Amino acid sequence: MNKTMQQTVDHMMGFFKTKTITAALDLKVFDHFNDQPQTVEDLATKCSLPPVALDRLLIALVSMDYLNKEGREYILPQAHKDFLLSDGSQWLGWLGRHIDTFLYPLWSNLSTGIKQDNHQREAAFGDDRSWFDMLYQNLDDVADFQEFLGKFAQPFIEGFTSEYDFSQHKRFLDIGSGIGTLPIAVANKFKDIELAICELPQARSFLLDKLGEQGYGKRIDVIEGNVITGELPDIEYDLVHLGWMLHDYGHETQMIILRNIFQAMPIGGRFIASETPLNDDNTGPEFTSLLSLNMLVSTDGGIESNSSTYIKRFKDAGFSNVRILDIPGPRTLFVGEKI
Ligand SMILES: C[S@@+](CC[C@H](N)C(=O)[O-])C[C@H]1O[C@@H](n2cnc3c(N)ncnc32)[C@H](O)[C@@H]1O
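A brief report on the enclosed structure follows.

Following the criterion strictly, the structure yields 13 salt bridges and no others. Between Lys-210 and Glu-213 there is a salt bridge, with the nearest N and O atoms lying 3.7 Å from each other. Separated by three residues within a single helix, Lys-210 and Glu-213 lie in helix 12 (residues 201-213), roughly one turn from each other. For the salt bridge of Arg-323 with Glu-337, the shortest nitrogen-to-oxygen distance reads 3.1 Å. Taken as a pair, Arg-323 in strand 8 (residues 320-325) and Glu-337 in strand 9 (residues 332-337) lie far apart in primary sequence, 14 residues in all. Put simply, Glu-147, Lys-151, Lys-210 and Glu-213 are held in one network by salt bridges that share partners.

Below is the structure:
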């Protein structure tokens, strides 16, 4: 088998690895490694699992470098604990559950999704409500989605808050903030700016709980709204951010969102959207191009775009001085002003 053929086989069998790691997280296998190495027999008792089947899983996890093995004992390396133990600050179990519950069934219908140029929610779940209505019907699913997105956003937020001077603004509104990680990071660094979030009603109670738990309940205002129907706060914000949301919607809806934001903003206000655009010649990058397929099967027309398409949409919506702001980290900032 030549190298390219081998790579193709690896891609095709990639789901073996996906399901091995999501099953291990689902079964909470790693949690018993917090204090000490485990034999398969001890672990099987603690997890109430059949030892022979569990051993197959452990051997696979060793082969994938998630566990080490010495003699009869399996060991979880220290460096993995933060994201594999369910009380670790970077726990990836949120993502695992979201994959198992939503993404894997939706992606099973990818070829039909491409043929029909349509989402596969009906085929996968018999459910034709919007992506967010379906996702937000259950509090555990809200938590899974928002928690892993909050972790994904962390490197972007570090780059944004270190490079951008938020103190030049009086009031900052983060639309579709999710778990609120960006306003929290801004609150920690810029003491004087007023902060607010506008989120869908179904995401609000989870968000309020998270902000309250961390002591930001008073510092960050939470307003229910919908940027597509134009239900936006009455107060004027001189800085508005929309993170990783344009790509959740089709071209026409993206234009409605941008026009609604433009209309709601005061003269002199600045709007920033953070996205992970396609390369200018639409050759990738790989993650964004796969995310675009993910949007196809899950959302109503959500799609990834390249930078010049985002810039054109901003201009068509009425924004001036439209430009890209490069910051460290995974996202690109698209900036426009209302003059
Ligand atoms: C993919 S998440 C992005 C979260 C976060 N802003 C980030 O950058 O990682 C999209 C967020 O937008 C919110 N959202 C989706 N449609 C919305 C709408 N029409 N109006 C307001 N918020 C919306 C969702 O509830 C979700 O929290």
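Turning our eyes to something else, we now look at a nonpolar patch on the surface. Taken together, Met-12, Met-13, Phe-15, Phe-16 and Tyr-104 make up a surface patch of nonpolar side chains, about 510 Å² in accessible area. Positionally, Met-13 belongs in the loop between helix 1 (3-12) and helix 2 (14-26). Residue Met-13 is classed as partly exposed on the basis of its relative accessible area of 39%.

Below, the discussion takes up the site of the ligand. Around the ligand, 19 residues are found, and the nearest of them are Tyr-136, Gly-176, Glu-199, Tyr-249 and Arg-331. Separating an oxygen atom of the ligand from a side-chain N or O atom of Arg-331 is a distance of 2.8 Å. Considering the ligand on its own, with 600 Å² of exposed area, one finds that the protein chains cover 96% of that surface. Residue contributions to the shell around the ligand peak at three residues, all from helix 10 (residues 139-163). In terms of residue class, the shell around the ligand is built from ten nonpolar, six polar and three charged.

About the thresholds
- Residues numbered from 1 in each chain as written.
- Predicted model: local features only at pLDDT ≥ 70, side-chain atom pairs only at ≥ 80, totals over all residues.
- Heavy atoms only, no water.
- Salt bridge = Lys/Arg side-chain N within 4 Å of Asp/Glu carboxyl O.
- Helix = DSSP H or I, 4+ residues; strand = E, 2+ residues; numbered from the N terminus.
- Patch = residues over 30% accessible without salt bridge, like charges linked within 9 Å, V, L, I, M, F, W, Y side chains within 5 Å.
- Areas by Shrake-Rupley, 256 points an atom, 1.4 Å probe, with all protein chains shown as cover.
- Buried < 20%, exposed > 50% of the residue type's maximum accessible area, 1.4 Å probe, protein only.
- Near = heavy atom within 4 Å.
- Polar contact = N/O pair within 3.5 Å; in protein donor to acceptor, adjacent residues only side chain to side chain.
- Nonpolar A, V, L, I, M, F, W, Y, C, P; charged D, E, K, R; others polar.

The values are spatial; any link to function lies outside them.
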